[in-house]
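Remarks on the overall topology
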There are 2 protein chains.
Amino acid sequence: MNTIELRPPYLIFLGSETHPTYTKTGAGLVEWRRELCRGQLSLIDDGVDLGLPRMSVQEAAAAGVRSLVVGAARVGGDIPDEWMDTLEQAASLGMDIVAGLHVSLAATPRLREAAQRSGARLLDVRKCPAGLPVGSGRKRSGKRVLMVGTDCAVGKKYTALALERDMHRRGLNADFRASGQTGIMIAGCGLPLDAVVSDFLSGAAELLSPANSDDHWDVIEGQGSMFHPGYAAVSLGLLLGSQPDAFVVCHEAGRERISGWDDFPLPTIEQVIERTVALGSLTNPAIACVGVSINSSSLGADERDSYLAELSRRLGLPCVDPLRGGTDALIERLLQTPAASCTDIHSPGGRQS
Amino acid sequence: MNTIELRPPYLIFLGSETHPTYTKTGAGLVEWRRELCRGQLSLIDDGVDLGLPRMSVQEAAAAGVRSLVVGAARVGGDIPDEWMDTLEQAASLGMDIVAGLHVSLAATPRLREAAQRSGARLLDVRKCPAGLPVGSGRKRSGKRVLMVGTDCAVGKKYTALALERDMHRRGLNADFRASGQTGIMIAGCGLPLDAVVSDFLSGAAELLSPANSDDHWDVIEGQGSMFHPGYAAVSLGLLLGSQPDAFVVCHEAGRERISGWDDFPLPTIEQVIERTVALGSLTNPAIACVGVSINSSSLGADERDSYLAELSRRLGLPCVDPLRGGTDALIERLLQTPAASCTDIHSPGGRQS
């Protein structure tokens, strides 16, 4: 498969960050893939602590770490000078360096040379592999559920990861499929769809959830929103290539305008459902909405319950906040979709090679 | 502006081609921009003849030619060895080399070195300039009409060029805006939208038809089709970024399936109109269809007339074949659109710098 693939276990590199806002990628890895994280490395004593064992590069190498993952993001996305010695040392010892910075790792001579000598890879999760195909539109085996947003940054990745976790707990055969850089770091593989050349968008989305066994669910991270003046094309390419049997609308309670595009009102959830069905039925006529995932962080506990209940009544669909109560109601509905009629209970964590 | 810009006048290079099928780009330049074409150069005596004066590279340089445009396409898109001496000589004499081949001109050491010495540019019209913005969705001044297809290769570029020609004849202020490689060669500028990284698709489309005077029409070449399983995302990004006041549906009479994607039936023209209005109204709520352009080459003359009349009756819109009868009926309708209420008659060929 033409996707990016990381080699675990990981050492999470936190630079000199002191504020959790800038180490969300590292925190996401610890939250969702704790078993793959061997240790953390901060350049300062009072830096962010993700709760992992502290390790030097040498200690990590001795512990079998295969990748140093940059879990800190700097405004501007460059590689600070103070990071260089650590990254170069890791590459020299054969660890892959994994990052989603604006600057290309391979464009840094010290890193390139160290990696060439040791055989380590410099993996830029913002960059797409070459050789992507044009979308074929051909139906693939297996089942797919796509996260669809009313906007960017409403919880699509979180919802998909929570669905994967909760499906595994129930013994279902499911895999999170990452379409953005943070998701790729967490999943260990994927394609950054926003970085794909337009002609190959739906082809890349097809690669992201390849043919699979009939009982297998791909739980696909969404991108953007079909109502976004800047990013709607990415959302459509992902929708058409994913051929989802089911989708979950993701929304942040209280958000009324497209974030950063204030002239554009947020679509209603009904509009998102209608448009996703209209457009998605091109490559999967059976597409259906199975529920709504709400980021309700702006609401109090009482308010949240009545908000979700009222929304559920209005739409006739399960509505959950995955951070508070999980996604079981969505999964129940997912298993009732016609596409899911052949679903079998399967060993947890099943993953097609 | 961040678009590709060619420097006329041109020498059209035809290689050793003997069949017009493979010199369509050169023929398009002669058909639509004859005044910019100073001569043609074929490597063989009985090669394709576009009706231009035959010139050697030296003669072209003496005649003030500033760009050698590769007007021949080879299957596979590489640069044949037999072309090299000619291209290198032209680059050495300071002529830009313009091509839309799969192989990058700049990746060819002989051409790169010749161009570096003389200051010539190697312009690859398949490649996008760097630094494209994300689409803002902000309304721009001026008016825009976009070609929208039922499929690829149904006459969108031809219709846009015919509209520009016929609008200029009527003294209207209009510019063809090229979104694909052949169109860019003809227009002398533009952006190959299918080669843009997805995140910047509608931003690139915004650059393609920048703010302009109130009486100015951008006549924008369309891409793909909103109902195409491989390319719909490109079509949507172009639609949202173009913010068209008006659109023309382009269709080939008799085509019933998406060409090359035979499992997918062609949408009806009504479906294309409905979806284009639904999606396009995000960035221009006034969007309206002004008519249909039919490639009727599969029909006889009698059949064509009744086909167009019947279609026009069915849709309540002007329906033309621009190759046979021009686009005046579309222009009449265009000038009646609400957005066009402030249209003034203007000197022909007006072009904003």
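Rules and cut-offs
- Residues numbered from 1 in each chain as written.
- Chains lettered and ligands numbered in written order.
- Predicted model: local features only at pLDDT ≥ 70, side-chain atom pairs only at ≥ 80, totals over all residues.
- Heavy atoms only, no water.
- Helix = DSSP H or I, 4+ residues; strand = E, 2+ residues; numbered from the N terminus.
- Rg over C-alpha atoms; globule rule 2.2 N^0.38 Å.
- Buried < 20%, exposed > 50% of the residue type's maximum accessible area, 1.4 Å probe, protein only.
- Contact = heavy atoms within 4.5 Å.
- Areas by Shrake-Rupley, 256 points an atom, 1.4 Å probe, with all protein chains shown as cover.
- Polar contact = N/O pair within 3.5 Å; in protein donor to acceptor, adjacent residues only side chain to side chain.
- Buried area = accessible area lost by both parts, 1.4 Å probe.
- Salt bridge = Lys/Arg side-chain N within 4 Å of Asp/Glu carboxyl O.
- UniProt positions renumbered as here; feature names shortened; annotations may be inferred.
- Least-squares fit on C-alpha atoms with pLDDT ≥ 70 in both.
- Pairing = 2+ DSSP bridges.
- Axes fitted to C-alpha atoms, helices over the stretch in contact; angles between N-to-C directions.
- Expected span 1.5 Å × (residues − 1).
- Parallel < 35°, antiparallel > 145°, perpendicular 65-115°, else oblique.
- Left-handed = near helix turned anticlockwise from the far one by under 90°.
- Nonpolar A, V, L, I, M, F, W, Y, C, P; charged D, E, K, R; others polar.
- 1 Å grid on protein atoms, 1.4 Å probe; cavity = no way out; pocket = protein on both sides within 12 Å on 5 of 7 lines; lining within 4 Å.
- Points joined across faces, edges and corners; volume = space filled by probe spheres on them.

1. Focus on the overall build of chain A
Within chain A, the regular secondary structure consists of 11 helices and 15 strands. In summary, chain A has a C-alpha radius of gyration of 20 Å against a globular reference of 20 Å for 353 residues, a match within 12%. Seen through its principal axes, chain A has C-alpha atoms that stretch 55 × 45 × 45 Å. Expressed as a percentage of the 353 residues in chain A, the buried residues total 57%. Across chain A, every contact between residues at least 6 apart in sequence was considered, and the portion connecting residues at least 24 apart equals 77%. On chain A, roughly 13,600 Å² of surface is accessible, and the fraction owed to carbon and sulfur atoms is 50%.

2. Observations regarding the side chain of Asp321(B)
All names here are of chain B. With respect to the secondary-structure elements, Asp 321 resides in the loop between strand S15 (319-320) and helix H11 (328-336). A residue is classified by how much of its surface remains accessible, and Asp 321, at 3% relative accessible area, is buried. A polar contact is formed between the side chain of Asp 321 and the side chain of Ser 296, at a distance of 2.5 Å. Here Asp 321 is in contact with Ile 294, Asn 295, Ser 296, Arg 304, Leu 308 and Gly 326, once residues within four sequence places are set aside.

3. Side note on the interface of chain A and chain B
A common way to express how large an interface is: the accessible area buried when the components associate. Each side of the interface is counted separately: chain A has 31 residues, and chain B has 31 residues. Taken together, the two surfaces of chain A and chain B that pack against each other cover about 2,600 Å², and 60% of this comes from carbon and sulfur. The interface formed by chain A and chain B holds zero salt bridges in total. Linking chain A with chain B are 14 residue pairs in polar contact (both at pLDDT 80 or more), by the criterion used here.

4. Considerations on the UniProt feature "domain: D-glutamate N-acetyltransferase-like C-terminal" (unreviewed entry) in chain A
The UniProt entry lists residues 134-330 of chain A under the feature "domain: D-glutamate N-acetyltransferase-like C-terminal" (unreviewed entry), expressed in the numbering used here. For residues 134-330 of chain A, the helix share is 36%, the strand share is 22%, and the end-to-end C-alpha distance is 32 Å.

5. Some points on helix H8 (residues 232-242) of chain A
Most of H8(A) is tucked away, with 11 of its 11 residues classed as buried. Its buried side turned inward, H8(A) meets strand S7 (143-149), helix H7 (201-208), strand S10 (216-220) and helix H9 (269-280) of chain A together with helix H7 (201-208) and helix H8 (232-242) of chain B. Directly beyond the C-terminal end of H8(A), a positive phi value near 50° is found at Gln243(A).

6. Re the relation of the copies chain A and chain B
When chain A is brought onto chain B, the operation consists of a screw motion whose angular component is 180° and whose axial shift is 0.0 Å, with 0.0 Å RMSD remaining. When the rotation and shift are considered jointly, the pair of chain copies conforms to a two-fold rotation axis. Interface overlap between copies: 100% of the residues of chain A at the interface are likewise at the interface in chain B, consistent with a symmetric, same-surface contact.

7. Observations concerning the sheet that holds strand S2 (residues 10-13) of chain B
All names here are of chain B. Strand order in this open sheet of five strands is S3-S2-S4-S5-S6, and the pairing throughout is parallel. Two strands bound the open sheet, and with one partner strand each, they are strand S3 (37-41) and strand S6 (122-124). Ignoring strand direction, the axes of neighbouring strands in this sheet form an average angle of 20°. Bridge count for S2 against strand S4 (residues 67-70) is four bridges, and the pairing is parallel. Following the sheet pairing, Phe 13 is matched in S4 by Val 70. Packing of helix H3 (residues 81-92) onto the sheet brings it into contact with S2, S3, S4 and strand S5 (96-99), and relative to S4 it is tilted by some 150°.

8. Concerning helix H3 (residues 81-92) of chain A
All names here are of chain A. Taking 1.5 Å of rise per residue, 12 residues should cover 16 Å, and H3 covers 17 Å from first to last C-alpha, within 8% of that figure. Of all the positions in H3, only Trp 83, Met 84, Thr 86, Leu 87, Ala 90 and Ala 91 are classed as buried. Structurally, H3 contributes buried residues whose contacts are with strand S2 (10-15), strand S3 (37-42), helix H2 (57-62), strand S4 (67-70), strand S5 (96-99) and helix H4 (109-118). Phi for Gly 94, located one or two positions after H3, is positive at around 95°.

9. A few points about the sheet that holds S10(A)
All names here are of chain A. Ordered by their spatial adjacency, six strands build an open sheet running S8-S10-S7-S11-S14-S15, and the pairing between neighbours is parallel. With partners counted over all chains shown, the strands left at the sheet margins are strand S8 (173-177) and strand S15 (319-320), one partner each. Alignment of S8 against S10, held across five bridges, turns out to be parallel. Residue pairing for S10: Arg 177 is matched across the bridge by Ile 220.

10. Considerations on the pairing of strand S8 (residues 173-177) of chain B
Along a regular strand, successive side chains alternate from one face of the sheet to the other. Judged by how many residues are buried, S8(B) sits mostly within the fold: five of five residues are covered. Residues of S8(B) alternate between two faces, with Asn173(B), Asp175(B) and Arg177(B) on one and Ala174(B) and Phe176(B) on the opposite face, all of them buried.

11. Considerations on the packing of helix H1 (residues 24-33) of chain A against helix H5 (residues 156-169) of chain A
Residues and elements named next belong to chain A. Relative orientation of the contacting elements H1 and H5 amounts to 20°, with a least axis distance of 11 Å. When the axis of H1 is compared with that of H5, the two are roughly parallel. At the point where H1 passes H5, the crossing takes the right-handed sense. Contacts between H1 and H5 involve Glu 31, Trp 32 and Arg 33 from the former and Tyr 158, Leu 161, Ala 162, Glu 164 and Arg 165 from the latter. Within the contact of H1 with H5, the residues separate by chemical class into four nonpolar, no polar and four charged.

12. Some points on empty space enclosed by the protein
Scanning the model with the defined rule gives four cavities of 30 Å³ or more in all. As a volume, the largest cavity reaches approximately 80 Å³. For the lining of the largest cavity, the secondary-structure elements that each account for two or more residues are strand S7 (143-149) and H8 of chain B. Tallying contributions element by element places S7(B) first for the lining of the largest cavity, with four residues. Residues that form the lining of the largest cavity fall into these classes: six nonpolar, seven polar and no charged. In this structure, the second largest cavity spans a volume of roughly 60 Å³. Along the walls of the second largest cavity sit Leu146(A), Met147(A), Val148(A), Gly149(A), Gly222(A), Gln223(A), Gly224(A), Ser225(A), Met226(A), Ser235(A), Leu238(A) and Leu239(A), which together make up its complete lining. Listing elements by their share of the lining of the second largest cavity, those giving two or more residues are S7 and H8 of chain A. For the lining of the second largest cavity, the element with the highest residue contribution is S7(A), accounting for four residues. Looking at the lining of the second largest cavity, its residues break down into six nonpolar, six polar and no charged.

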